[in-house]
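# A structural walkthrough
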Amino acid sequence: MDSPAKLLGRARWIHKHGYWLKYYSVEQIASGIGSLADRWLDPRNYYRRTAVARLHEATGYSASDIESAVVHTFEQLRAPVLSRLIRAELGSPQVLDGFVRRAGGRVHATGPDLTVVLAAGNIPGPAVLSASHALLVKSPVFVKTSSEEAVLLPLFVKSMKQHVLWLGRMLHVGHWAGGDEAIERELFAMADLVVAYGSDATIESVRRHLPAKTRLFAYGHRLSFVVIGSEALYRDAPSVIRAAAMEVTAFDQQGCLSPHVLYVAQTRGYPAERFAETLAAELAKIEAMSPRRALSLEEHAAIQQIRARYEFKPGCRVWASSGSTAWTVIFDRDPTFTPSCLNRVVFVKPFRNFWRLTRRLREFGPRLQTVALALEGNSFTEAVQLLADCGVNRVCRLGEMQRPSALWPHDGRPNLGDFVRFTFIED
Amino acid sequence: MASATPSAGELDREIIAFISRAFGAPPAENEFNTLALSVFRYQFEQNRPYRAFCRARGATPGAVARWEQIPAVPVVAFKEADLACESPARAQKVFVTSGTTRGAHRRGRHFLFNTGLYDAAAAGNFKRHVLPDRDAMPWFILAHSPEQAPDSSLTYMLDLVRNAFGAPESRFCMSSRGLECDALLDSLTEAGDHAVGLLATSYVLLHWVEHLQNRRARLSLPPGSRIMDTGGFKGRARELPRVEFLGLLQRWLGVPPDFVVNEYGMTEMTSQFYDNTLRLKLRVGDELASSRPPPRHKVIPPWVRVRVVSPETLEPVSDGEHGLLVHYDLANRGSVLAIQTEDLGMRVGAGFEVLGRVTGAEARGCSLAAAEFLASTRG
């Protein structure tokens, strides 16, 4: 852990000299970040290999999950992808370099004078994206790593200082205890924008300590789930089940993108209970090849408790790994959305009427995030409108939950669009 | 071929006889085992949800040869199903867990079909560990009375103690508005030379001590006075270490730590566990035979067995390791003999110590654990 004096000294420096970024065009910055991303996308790259090895050791997640996450993160930072993102959200890159003609006048976009990013510990990657987006809009950025995962960000900034120094010196990664007023009081006052990842409690605490002028992007608790329709089951149930199992086991279900519940259409030829049973077999197979990481006593006990509750609850059935808490499938006819305790514990709930199902989801609106749909035709079209009305902000195919598009407005808000402020010259 | 399963009445008689002999002439291990298997067979046949639970584990009376193999029901199950061996309507008493559950879950219910069995398990055990040196004492009870809390197992037990071992002036000290702090203070100030006893839930006792602190009223209870406390602090002062609490009781009530006996029990289980400290202090019984006194621990009565299991595998942990406490209580004839708690503990000497509840795991990053979620959406 760095001393408050050192951290604040660094923050003041990048805050003071951040304007140097304005000497570069957005294309140059995108190109700089992109060239770094290309290095990380090379499997032989030292930083990538080191990150994957250390992350595997630090988190216990499977090496393949981690490799996937690292690759996915840097795929979103390739120069062409960043250009597409800028065009999609801001119209043209020039709007960040100067004034650009728009309806009614000309407009210029300016990024924050200082962005602070507070990273979470569960899944590596999101904070790297936030930091890169900040640099892209010409904002210097100060990142706090979490105590559970302090591997990826330090290696990222080190690689940036090595290969793209003029960018790297505008990014600082440090660590301090969350809530430490000695640092955060001044840091939050200096920042125009704080991007916070974490639990509700963390975010509330950050919110309370922000001065009024500092904006907050909060990426907190989110709930994701899957909906599987009859056609998908008729067409190829084994593939659907395999894909669903992969979604449940990726990163041991940690992270907001992982499903808590699989809603399965009650289908004459393929009862949802049979789906649950087959899913259980699939989870057992995955456990054999790619075991779930070690858990704390409390996490084990939470799994035992949820298993016991549903074993005795009428109308429910539980399939569970024996002699361990490695995986659990809970079949429950009650359509009410129920969050799982995660770590490879998933609910399978049958449904007949999707509209009725979404009515029950509405109350969780602000919490909903990703829904993977295995639906076709009219079912799909109707479903997405209903889900949008409920509050869902991302719809994807089953199998893609852990790999959001670079262009997905994170948690429903534009990635770059919200970072900047606009200056408008009226005609 | 096994003989016919005993009836409820026969089993209760056997268990009560076992309990009555237990402290005087500790039964052999195979006597416990035989009786436990008998109770298990009866419960397998009479308790439908339990039977399904056992079948799912391949644990039928034919397959189970030792009490350790009897499947233990997690306490949460009492909230989801009626774990009763007779029709619930025939229960003499129904104990309900305290309402600290969040969300829409039901409260757990434990059906008592024979209060005689409960009384046998509770009375002797209490006397042995809290009142080994005399027949009766004035008890001031800092808990709800039977009128206020008719379905509390703790209240029932405390009332039993009051009837069996209470001097006439014994009473419950709570009104509808809570603890009668000043009335209790007055009664104890007038205690004179005669030893008195407090039976309390820990958080109410702490509340009263805080009252004394506010009044700057230190008591010096007569020698021989003692306290039995139970239940934990339930959020009032979760971080208060036991040692500090004992220090407060000594300072404000004049009761030394050896005369404070903690009781550990639960709605779902008939029997209780007490600290061994008072018995040791009063030099009663043959635990003092060895020169080195045993460390403080909860005493396991001879009709109960306790195992400490890993929450991951549900297998017993090595000595000294922490795990979930699993209790096998013969007195639980009417429900289930074997109960898997959500309490973390470890073996200590011939007994065990309770380390606290295994709380729900904290959510990490942007993922959400069930308990937090329920708290936020349903209050």
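Residues numbered from 1 in each chain as written. Chains lettered and ligands numbered in written order. Predicted model: local features only at pLDDT ≥ 70, side-chain atom pairs only at ≥ 80, totals over all residues. Heavy atoms only, no water.

Let's shift gears to the sheet that holds strand 6 (residues 193–197) of chain A. All names here are of chain A. Pairing is parallel across the open sheet formed by five strands, whose spatial order is 5-4-3-6-7. One side of each edge strand has no neighbouring strand; the edge strands of this open sheet are strand 5 (171–174) and strand 7 (215–219). Going across the sheet, the axis of each strand differs from the next one's by a mean of 15 degrees, ignoring polarity. Across four bridges, strand 3 (residues 115–118) lies against strand 6 in parallel orientation. In the sheet register, Leu-118 faces strand 6, and the bridge partner there is Ala-196. Each of strand 4 (141–144) and strand 5 is contacted by helix 8 (residues 152–163), which is oriented at about 150 degrees to strand 5, the strand it contacts most. (Pairing = 2+ DSSP bridges. Helix = DSSP H or I, 4+ residues; strand = E, 2+ residues; numbered from the N terminus. Axes fitted to C-alpha atoms, helices over the stretch in contact; angles between N-to-C directions. Contact = heavy atoms within 4.5 Å.)

With that settled, the discussion passes to the packing of aromatic side chains. Residue and element names in this part refer to chain A. Here the structure, examined in full by the defined rule, presents 34 aromatic pairs over all chains. Judged by centre distance (6.0 Å) and plane angle (35 degrees), the ring pair of Phe-142 and Trp-176 falls under tilted. Of this pair, Phe-142 sits in strand 4 while Trp-176 sits in the loop between strand 5 and helix 10 (181–190), and the two are 34 residues apart along the sequence. A relative accessible area of 0% places Phe-142 in the buried class. Assessed through its relative accessible area of 1%, Trp-176 is described here as buried. Seen in terms of ring centroids, Phe-337 and Phe-364 are 5.6 Å apart; in terms of plane orientation they differ by 50 degrees. Their pairing is tilted. Of this pair, Phe-337 sits in the loop between strand 11 (328–332) and strand 12 (345–351) while Phe-364 sits in the loop between helix 15 (354–361) and strand 13 (368–374), and the two are 27 residues apart along the sequence. On the basis of relative accessibility, which here comes to 1%, the residue Phe-364 falls in the buried class. An aromatic cluster is defined as three or more aromatic residues linked by ring pairs; in this entry it consists of Trp-40, Tyr-46, Tyr-47, Phe-74 and Phe-156. (Phe/Tyr/Trp six-rings, centres within 6.5 Å; stacked < 30°, edge-to-face > 60°. Buried < 20%, exposed > 50% of the residue type's maximum accessible area, 1.4 Å probe, protein only.)

As a rule of thumb, nonpolar side chains are buried together in soluble globular proteins. Of all hydrophobic cores here, the largest spans 63 residues; its most connected members are Trp-40, Leu-135 and Leu-171 of chain A. If we ignore the near neighbours within four places in the chain, the residues touching Leu-171 of chain A are Ala-131, Leu-135, Val-141, Val-143, Phe-156, Val-157, Met-160 and Lys-161 of chain A. In this structure, Leu-112, Val-130, Leu-160 and Phe-245 of chain B belong to the second largest nonpolar core, which totals 58 residues. (Core = buried A, V, L, I, M, F, W, Y, C linked by side-chain atoms within 4.5 Å.)

Residues and elements named next belong to chain A. Secondary-structure assignment places Glu-282 in helix 13 (residues 272–289). Given a relative accessible area of 12%, Glu-282 falls into the buried group. What Glu-282 contacts, discounting residues up to four positions off in sequence, is Ile-241, Arg-242 and Ala-245.

Attention shifts here to the sheet that holds strand 14 (residues 394–397) of chain A. Residue and element names in this part refer to chain A. The strand order across the open sheet formed by seven strands is 10-11-12-9-8-13-14, and the pairing between neighbours is mixed. In the strand order of this sheet, the two ends are held by strand 10 (316–320) and strand 14, each with one partner. Adjacent strand axes in the sheet meet at a mean angle of 20 degrees, parallel and antiparallel pairs treated alike. Pairing analysis gives four bridges linking strand 13 to strand 14, with the strands arranged parallel. Following the sheet pairing, Thr-370 is matched in strand 14 by Arg-394. Its contacts with the sheet place helix 13 against strand 8 (223–228), strand 9 (259–265), strand 10, strand 11 and strand 12, and it is angled at close to 175 degrees to strand 11.

For the rest of this paragraph, the subject is empty space enclosed by the protein. Residues and elements named next belong to chain B. Enumeration according to the criterion identifies one cavity of 30 Å³ or more in this entry. The volume enclosed by the largest cavity comes to roughly 70 Å³. In this structure, the largest cavity is lined by 13 residues; those nearest its centre are Leu-112, Phe-113, Leu-117, Ala-331 and Gly-334. Every element with two or more residues in the lining of the largest cavity is listed here: strand 3 (109–112) and helix 5 (115–130). Here the residues of the lining of the largest cavity sort into six nonpolar, six polar and one charged. (1 Å grid on protein atoms, 1.4 Å probe; cavity = no way out; pocket = protein on both sides within 12 Å on 5 of 7 lines; lining within 4 Å. Points joined across faces, edges and corners; volume = space filled by probe spheres on them. Nonpolar A, V, L, I, M, F, W, Y, C, P; charged D, E, K, R; others polar.)

Residue and element names in this part refer to chain B. Put simply, helix 2 (residues 29–46) and helix 3 (residues 48–56) touch, their axes get as near as 6 Å, and they point 110 degrees apart. What the angle tells us is that helix 2 and helix 3 run roughly perpendicular. Residues Phe-40, Gln-43, Phe-44, Glu-45 and Gln-46 of helix 2 touch helix 3, and the partners they reach there are Arg-48, Tyr-50, Arg-51, Cys-54 and Arg-55. Residue composition of the contact of helix 2 with helix 3, grouped by class: four nonpolar, two polar and four charged. (Parallel < 35°, antiparallel > 145°, perpendicular 65-115°, else oblique.)

The next point concerns the pattern of salt bridges. All names here are of chain A. Summed over all chains, the structure comprises 44 salt bridges over all chains. Residues Glu-376 and Arg-235 are paired through a salt bridge, measuring 2.9 Å at the closest nitrogen-oxygen approach. One end of the pair, Glu-376, is in the loop between strand 13 and helix 16 (377–390); the other, Arg-235, is in helix 12 (residues 230–249), and 141 residues separate them in sequence. On the basis of relative accessibility, which here comes to 27%, the residue Glu-376 falls in the partly exposed class. Assessed through its relative accessible area of 63%, Arg-235 is described here as exposed. (Salt bridge = Lys/Arg side-chain N within 4 Å of Asp/Glu carboxyl O.)

Our next topic: the confidence of the model for chain A. Parts of the prediction with low pLDDT should not have their coordinates interpreted in detail. Looking at chain A as a whole, its pLDDT mean stands at 94, while 100% of the residues score no less than 70. Mean pLDDT across the elements of chain A ranges from a minimum in helix 15 of chain A, with 86, to a maximum in strand 11 of chain A, with 98. (pLDDT = per-residue confidence, 0-100.)

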